[in-house]
Amino acid sequence: SVQFHCPLYPIKMSQTLIWHLIRDNNSFMVKRERTSRSGAVQFSSEPGNLMNAHSFKYSGISNNRAVDISSALALRSKDCKAANKPSKTYANNETLSIFPSKAVARAVAVTAATRPDLLSAAKVRALKIVNGARVARGIKKNKNAKVT
């Protein structure tokens, strides 16, 4: 896996060590019942996890660099200078546009600078969040809504 470091501010623990400490039990882990295919399914609701998957690659806690796209149309990137201050970890905060093409372009630009390996995940998440916000504001009709 690709590891991103902040050379001016050394981090006390490695990303892998942090992942091994939190992977079995943390407050963001969401477990679902067993499926017929594989067993229990695990998701993650942590900030900075673009796919909501419980894995090291997508973890916003254990990786030094992360991008968070929230449902409030906020785009934040993890600041490695504040690695030992959890409340100030996501310093850069900007609001995404309600227009899908502009929002996806901005998300791609921030993700390319922070985590280039997550570009496709950032595109998909930004598009889904913006389309959901457009439906909530009444700009776009929900195609999946049942007509009564």
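Our subject is the structure listed above.
What this report covers is the structure whose coordinates are included nearby. Nothing here was measured: the structure is a model prediction, and the numbers come from that model. (Residues numbered from 1 in each chain as written. Predicted model: local features only at pLDDT ≥ 70, side-chain atom pairs only at ≥ 80, totals over all residues. Heavy atoms only, no water.)

One open sheet holds the three strands; their spatial order is 3-4-5, and the pairing between them is antiparallel. What marks the edges here is a single partner per strand, and that holds for strand 3 (67-69) and strand 5 (90-95). Geometrically, the sheet is characterised by an average inter-axis angle of 20 degrees between neighbouring strands, direction not taken into account. Both strand 3 and strand 4 (residues 74-78) contribute to a ladder of three bridges, which runs antiparallel. In the strand pairing of strand 4, I69 is matched with L75. Of the strands in this sheet, strand 3, strand 4 and strand 5 are in contact with helix 2 (residues 100-114), which crosses strand 4 at around 5 degrees. (Pairing = 2+ DSSP bridges. Helix = DSSP H or I, 4+ residues; strand = E, 2+ residues; numbered from the N terminus. Axes fitted to C-alpha atoms, helices over the stretch in contact; angles between N-to-C directions. Contact = heavy atoms within 4.5 Å.)

In total, this model carries four salt bridges according to the counting rule given. The residue D24 makes a salt bridge to R23 at a minimum N-O spacing of 4.0 Å. Taking the relative accessible area as the measure of exposure, D24 reaches 58% and is therefore exposed. By relative accessible area, R23 is classed as partly exposed at 34%. Close ionic contact of R115 with D117 constitutes a salt bridge, the shortest N to O distance being 3.0 Å. Owing to a relative accessible area of 3%, R115 belongs among the buried residues under this scheme. (Salt bridge = Lys/Arg side-chain N within 4 Å of Asp/Glu carboxyl O. Buried < 20%, exposed > 50% of the residue type's maximum accessible area, 1.4 Å probe, protein only.)

As a further point, take the pairing of strand 4. Among the five residues that make up strand 4, four are buried, leaving the element largely enclosed by the rest of the structure. Where strand 3 hands over to strand 4, the hairpin turn is made up of four residues, of which L73 adopts a positive phi near 60 degrees. In this structure, strand 4 lies alongside strand 5, joined through five bridges in antiparallel fashion. Across the sheet, the residue bridging to A74 is T95, located in strand 5.

In this structure, L50, I69, L73, L75, L96 and A126 are the most contacted members of the largest nonpolar core, which totals 19 residues. Looking at this core, the elements with two or more residues in it are strand 3, helix 2 and helix 3 (119-136). Among the elements that make up this core, the one with the highest residue count is helix 3 (six residues). Dropping the residues within four chain positions of it, A126 is found in contact with I69, A103, V104 and A107. (Core = buried A, V, L, I, M, F, W, Y, C linked by side-chain atoms within 4.5 Å.)

Its 18 residues give helix 3 an end-to-end C-alpha distance of 26 Å, which sits within 8% of 26 Å, the value for a rise of 1.5 Å per residue. A121, A122, A126, I129, V130, A133 and R134 are the residues of helix 3 that are buried. Packing partners of the buried residues in helix 3 comprise strand 3 and helix 2. A positive backbone phi angle near 85 degrees is found at G138, which sits one or two residues after helix 3. (Expected span 1.5 Å × (residues − 1).)

To continue, consider unusual backbone geometry. Phi angles above zero are rare outside glycine, and N52 is one such case at about 55 degrees. Mapped onto the secondary structure, N52 falls in the loop between strand 2 (40-44) and strand 3. In the Ramachandran plot, L73 falls in the positive-phi region, its phi being about 60 degrees despite a non-glycine side chain. Note that L73 resides in the loop between strand 3 and strand 4. The exposure class of L73 is buried, given its relative accessible area of 3%.

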